[in-house]
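Take a look at the letters that make up each chain.
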Amino acid sequence: MMNRFLNSSLGVASKCSTFIDLLELRAHEQPNSIAYTFLDHGETEDSRLSYLELSECVKAIAARLQSIKATGERALLLYPPGLDFVAAFLGCLYAGVTAVPAYPPRKNQNLSRLQTIVADSKASVLLTTDAYLNRINQWLAQESQFADLHWLATDTIDVAHYTDWQPLDIKSDQLAFLQYTSGSTGEPKGVMVTQGNLMHNSAAIHWCFGHDADSRGVIWLPPYHDMGLIGGVLQPLYGGFPVVLMAPVDFLQKPMRWLQAISHHGATTSGGPNFAYDLCVRRLKPEQLTDLDLSSWQVAFTGAEPVRAETLDQFAQTFEPFGFRREAFYPCYGMAETTLIVSGGDHKTAPVLKTIETDPLECHQVVDCQHQNREGVQTVTGCGQSLPDQIVAIVNPDTRLPCSPDQVGEVWVAGPSIAQGYWNKPQETHAAFGHRLPDMGNIPFLRTGDLGFLDNDELFITGRIKDIIIIRGQNYYPQDIELTVENSHPALRLNSGAVFSVTDKGQERLVVVHEVERTSLRKLDVPTVTGNIRQAVAANHNLQTYATILVKPGSIPKTSSGKIRRRACKAAFLTGELKVVEDWSENPRRKAEFLNLQAEVTSVIEKLSAGK
């Protein structure tokens, strides 16, 4: 099945079974073509690598890894933004070392996630740059988990040693890297991605996006996340076209840098989560948009979080005068467990939108509505169709039987891009991977944990099973309520709120937690803000808010890819660890009693767990 995509590439990639073969062919057939360019502060060129330079650098790193007998081991990759990460990741592939990309730590940052990754992966090597090694040494060396690793600065390795590399017989079923899940619904797990998974999914992206040798990319997404790594770093290498990389923080601080890079470099493909497009609309002022030309942008992909029709519309309206085409939007769906992409649409047509009634949706029923502006309806954005080499099914998560076309169910996926399971976690692997459906033979399916439905083969995602809020027997999607809250007052930060339910006196009650804009802290009108929130939630969702907590900017727990960690936020609420600016509750005394009780229960559980 893999050959169907590989042959569609009509080029070097069709001759290769691994990225090792691919880079070697690129270095041989187009040695002086620029593969990667990195922008300092998202604006000026800092460094670049041709395919030949990249190949030699990668082989020098691989030779060093072989010299310390790291083949067959795991290597933790901790890199600041730049091209060193790219070389190190590929160097691991060349050396038969399983790469473990991770979010680089910052000073005074909680290291629990990184410690979990090191302990779970049993990494024996830590790869980084010389400057960053000196920077993080004082933070990590005191922790025994990190002190026991073999620390290696790859940018100090002499490239002349590339001739020392010993080629290995790397097969397509060999483990390439561990992609640790973002942890939005639990502890991070290492998804086992093989060389074959990488090649197949890269071929799928190449085919779906309509990439060719004339494509050009601009990517700000973090390379330790699947969208940034596979879609931003490996996809250009697969397609043989150049890509310009920039640091995520440079985009977040000044979104204009992203659009300027697309304009300046004539990028044809670029994208990010929904919030990135929303951020551009909210942050950019008309006077900043002079000399902006987005006419080259052919594929503006968006995924990793709910794709909002309103965001697409606002972005298109704002930037159409500067050459952006609405048809360039490319909503897609994927996850680490499927390597990356699962579904995508026709890259030459506008996104598919569908208006449905809200009340039936909360009962997992899909009811069409032709009137977009009436109350009780919402517009959902399609994420395209399944790849030709795989199967997407909508399944009742309880009965594990296929749903009817008008029902919302769990998204199940089968195909060559499905990863091999979770590293060293047989129970979690059994729970998610290898499930069967009646009348589908012995085809193994992945349970994604996502809810959605199919309409004329178009996949629509509606939420996550574990995040569903159930109050008075009614299902509510937290992201819908969070969007209502976010839009209720300008003092509330974009993509920085969480809603969840708590049990009080045997009843589920709604709690809202949202960050306040830094510029609004001094003159915050708390009664107005909390009042707006309660009124908006009541009007749009017919729900009474039990507690509304306004917290400091940057304090909402998020994953490395920017997703809200609702479970962690709920835990912080229950233990009183939220960085509260102000809060409101329906019954302050009752809320205080409730939280005190929760704190006592948590204390007892901790003592029991410690054997006390």
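## Notes on the overall build of the protein
Then comes step 1: If you tally the helices and strands in the protein, you get 19 helices and 27 strands.
Then comes step 2: Taken over C-alpha atoms, the radius of gyration comes to 24 Å for the protein, in line with the 25 Å a tight globule of 612 residues would show.
Then comes step 3: Here the C-alpha coordinates of the protein stretch approximately 70 × 60 × 60 Å along the principal axes.
Then comes step 4: Burial status across the protein gives 56% buried among its 612 residues.
Then comes step 5: Considering only residue pairs separated by 6 or more positions, the protein has 72% of its internal contacts joining residues 24 or more positions apart.
Then comes step 6: Carbon and sulfur atoms make up 47% of the accessible area of the protein, which totals about 26,300 Å².
Then comes step 7: Charge-centre separation for the protein: the mean point of 54 positive side chains lies 6 Å from the mean point of 67 negative side chains.

## Section: the packing of helix H8 (residues 195–209) against helix H9 (residues 226–239)
Then comes step 1: Interhelical geometry of H8 versus H9 gives an angle of 85° and a closest axis separation of 10 Å. The angle between H8 and H9 falls in the class roughly perpendicular. Facing Leu-198, Met-199, Ser-202, Ala-203, Ile-205 and His-206 of H8, the residues of H9 in contact are Ile-230, Leu-234, Gln-235, Tyr-238 and Gly-239.

## Overview of helix H4 (residues 84–95)
Then comes step 1: The terminal C-alpha atoms of H4, which comprises 12 residues, lie 16 Å apart, in line with the 16 Å expected from a rise of 1.5 Å per residue.
Then comes step 2: Gly-96 sits one or two positions beyond H4 and adopts a positive phi of about 70°.

## Remarks on unusual backbone geometry
Residues other than glycine predominantly adopt negative phi, and peptide bonds predominantly adopt the trans conformation.
Then comes step 1: Phi at Thr-339 is positive, roughly 70°, even though this residue is not glycine.
Then comes step 2: Summarising the element assignment, Thr-339 is placed in the loop between strand S13 (329–334) and strand S14 (341–344).
Then comes step 3: Residues other than glycine seldom take positive phi values, yet Asn-542 does so here, at roughly 55°.
Then comes step 4: Inspection of the secondary structure assignment puts Asn-542 in the loop between helix H17 (526–541) and strand S26 (545–551).

## Describing the nonpolar core
Then comes step 1: Counting residues in hydrophobic clusters, the biggest one holds 121 residues, and the most contacted among them are Trp-258 and Leu-259.
Then comes step 2: Counting residues per element, this core draws most heavily on H4, at 10 residues.
Then comes step 3: Discounting chain neighbours no more than four positions away, the residues touching Leu-259 are Cys-280, Leu-284, Leu-292, Leu-294, Trp-297, Phe-315 and Phe-319.
Then comes step 4: If you look at the next biggest cluster of nonpolar residues, it comprises 23 residues, including Ile-117, Ala-153, Leu-178 and Trp-423.

## So, the pairing of strand S5 (residues 125–128)
Then comes step 1: Taking every second residue as pointing to the same face, both faces of S5 are buried, with Val-125 and Leu-127 on one and Leu-126 and Thr-128 on the other.
Then comes step 2: Alignment of strand S3 (residues 74–77) against S5, held across three bridges, turns out to be parallel. Counterpart to Leu-76 in the pairing with S5 is Leu-126.
Then comes step 3: Relative to strand S6 (residues 150–153), S5 is paired through four bridges, and the arrangement is parallel. What sits directly across from Leu-127, in S6, is Leu-152.

## Regarding the environment of Thr-37
Then comes step 1: Of note, Thr-37 is situated in strand S1 (residues 34–40).
Then comes step 2: Looking at Thr-37, the relative accessible area reads 6%, which means it is buried.
Then comes step 3: Taking the C-alpha atoms as reference points, Thr-37 and Ser-47, separated by 10 residues in sequence, lie 5.8 Å from one another.
Then comes step 4: What Thr-37 contacts, discounting residues up to four positions off in sequence, is Glu-45, Ser-47, Arg-48, Leu-83, Val-243, Val-244 and Leu-245.

## What about the pattern of salt bridges?
Then comes step 1: Enumeration over the complete set of coordinates arrives at 20 salt bridges.
Then comes step 2: The shortest N-O distance in the salt bridge between Asp-313 and Arg-326 comes to 2.8 Å. Of this pair, Asp-313 sits in helix H13 (residues 309–319) while Arg-326 is found in the loop between H13 and S13, placing the two residues 13 residues apart along the sequence.
Then comes step 3: Asp-313 gets classed as partly exposed once you look at its relative accessible area, which sits at 31%.
Then comes step 4: According to the relative accessible area criterion, Arg-326 is partly exposed, its value standing at 28%.
Then comes step 5: Of the charged contacts, one joins Lys-354 and Asp-455 as a salt bridge, the two residues approaching to 3.5 Å between their closest N and O atoms.

## Focus: the packing of aromatic side chains
Then comes step 1: With the rule as written, the count across this model stands at 26 aromatic pairs.
Then comes step 2: An aromatic cluster is defined as three or more aromatic residues linked by ring pairs; in this entry it consists of Trp-220, Phe-251, Trp-258, Phe-275, Tyr-277, Trp-297, Phe-315, Phe-319, Phe-324 and Phe-329.
Then comes step 3: Note that Lys-189 overlies the ring of Tyr-422, its terminal NZ or CZ placed 5.1 Å from the centroid.
Then comes step 4: For the cation-ring pair, Arg-534 lies above Trp-584, with the distance from its terminal atom to the ring centre recorded as 3.9 Å.

## Observations concerning the pairing of strand S21 (residues 458–464)
Then comes step 1: Counting buried residues in S21 gives five out of seven residues, a clear majority hidden from the surface.
Then comes step 2: With six bridges joining them, strand S20 (residues 446–455) and S21 adopt antiparallel strand pairing. By the bridge assignment, Asp-455 is partnered in S21 with Glu-458.

## Brief notes about helix H2 (residues 19–29)
Then comes step 1: Buried within H2 we find Phe-19, Ile-20, Leu-22, Leu-23, Arg-26 and Ala-27. Along the axis of H2, the buried positions cluster into a sector of 165°, meaning they face one direction only.
Then comes step 2: Each element contacted by the buried residues of H2 is listed here: helix H3 (51–67), H4, H8 and H9.
Then comes step 3: For H2, the side-chain oxygen to backbone nitrogen distance between the N-cap and Ile-20 is 3.3 Å, and the N-cap itself is Thr-18.

Reading the values: the criteria
- Residues numbered from 1 in each chain as written.
- Predicted model: local features only at pLDDT ≥ 70, side-chain atom pairs only at ≥ 80, totals over all residues.
- Heavy atoms only, no water.
- Helix = DSSP H or I, 4+ residues; strand = E, 2+ residues; numbered from the N terminus.
- Rg over C-alpha atoms; globule rule 2.2 N^0.38 Å.
- Buried < 20%, exposed > 50% of the residue type's maximum accessible area, 1.4 Å probe, protein only.
- Contact = heavy atoms within 4.5 Å.
- Areas by Shrake-Rupley, 256 points an atom, 1.4 Å probe, with all protein chains shown as cover.
- Lys, Arg positive; Asp, Glu negative; His and termini not counted.
- Charge placed at Lys NZ, Arg CZ, Asp CG, Glu CD.
- Axes fitted to C-alpha atoms, helices over the stretch in contact; angles between N-to-C directions.
- Parallel < 35°, antiparallel > 145°, perpendicular 65-115°, else oblique.
- Expected span 1.5 Å × (residues − 1).
- Core = buried A, V, L, I, M, F, W, Y, C linked by side-chain atoms within 4.5 Å.
- Pairing = 2+ DSSP bridges.
- Salt bridge = Lys/Arg side-chain N within 4 Å of Asp/Glu carboxyl O.
- Phe/Tyr/Trp six-rings, centres within 6.5 Å; stacked < 30°, edge-to-face > 60°.
- Lys NZ or Arg CZ within 6 Å of the ring centre and 35° of its normal.
- Arc of directions from axis to C-beta.
- Polar contact = N/O pair within 3.5 Å; in protein donor to acceptor, adjacent residues only side chain to side chain.

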